[in-house]
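Okay, here's what each chain looks like letter by letter:
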Amino acid sequence: MVRFSNVAGHMALATTLLVTSTAADSWPKRGLAANDDIPIWQFGGSWESDNSEINWQYNWDSTTSQKQSFAEYVPMLWGTGSGHTDQWFDNAWYWLNNGGSGHLLAFNEPERGDQANLSPQQAVDAWNQYMEPFAGHAQLGAPAVSNDGYDWLDQFLQACSGCNIDFVPTHWYNDHTQESDLESWINSICSLTGRPVWITEFQAYGSVDEQSNFLRTAIPFLDNNDCVYRYAYFGTADNSEVLLDNGGPSLSPLGVQYTFSPYGSGDGPS
């Protein structure tokens, strides 16, 4: 059943959550990309004198069984298969009307044959069917390409020029020595789209220490880049649990660093 109640309430929430890029005050940007079987409740609270910077979560699905009080849950339409679309409208409206959500995500890595696997035009058609009905009711995120999907995203945005796209998610994966490549990739997406950017998956390949050194530079860049609205390090998923200690729920040292480094710092709790 489609629900349209409390539109004004969650539109006010969406407006509050979408901080403009010219805002002088900092706001927490960090989130979690976490499958529902991964415990994430210890990512809230504080570590000594530093509060958690985690304020949003998603799970590549349109509903969750582990909504955290400290985080906005963001539903996602992963792809266009019936297993995703059959439940999409009921779930998305539920979270917008009753769950405190103000944003929606669309289509996971559509440029890849092993992921959502959509041509730009197929994605436009699916957007108009499944995402555009929420325009004016939530902030809507474009399909999330990885750092092999620049041309795909460019074609999609041109073909969907009349679509109500509020922000652009993207992914980045590369070696831990390539932090400058992350910066170049994000800046290129910001320039291409002219919209707020979310990095809904990113990870540096390397040892725990190498990833830690990467985050010491990456977190300040992401926090201080006005185009970047949110980001989620890939470490609370079924095939990557580097932010957890032996599967959790306790955080690993890398998880503590990611969660409790003060805004604009990647050095860990002060």
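Residues numbered from 1 in each chain as written. Predicted model: local features only at pLDDT ≥ 70, side-chain atom pairs only at ≥ 80, totals over all residues. Heavy atoms only, no water.

A.B. asks: What am I meant to see in the state of the cysteines here?
C.D. replies: The term disulfide refers to a covalent linkage connecting the sulfur atoms of a pair of cysteines. The tally for this structure, following the rule as stated, stands at 2 disulfides. Each disulfide pairs two cysteine sulfurs, and for Cys160 the partner residue is Cys163, the sulfurs being separated by 1.7 Å. One disulfide, between Cys160 and Cys163, carries an S-S torsion of -85 degrees and so falls in the left-handed class. The exposure class of Cys163 is buried, given its relative accessible area of 11%. Two residues, Cys190 and Cys227, share a disulfide whose sulfurs are 2.0 Å apart. Disulfide Cys190-Cys227: the torsion about the S-S bond is -105 degrees, which places it as left-handed. In this pair, Cys190 sits in helix H5 (residues 179-193) while Cys227 sits in the loop between helix H6 (208-224) and strand S11 (228-236), placing the two residues 37 residues apart along the sequence. (Disulfide = S-S within 2.5 Å. Buried < 20%, exposed > 50% of the residue type's maximum accessible area, 1.4 Å probe, protein only. Helix = DSSP H or I, 4+ residues; strand = E, 2+ residues; numbered from the N terminus.)

A.B. asks: Looking at this structure, I do not really get unusual backbone geometry. What am I missing?
C.D. replies: For residues besides glycine, phi is generally negative; the peptide bonds are generally trans as well. A cis amide bond links Gly248 to the next residue, Pro249, at an omega of 10 degrees. Residue position: Pro249 is located in the loop between S11 and helix H7 (253-260). A positive phi angle is found at Glu109, which is not glycine, with a value near 45 degrees. Here Glu109 falls in the buried class, since its relative accessible area comes to 7%.

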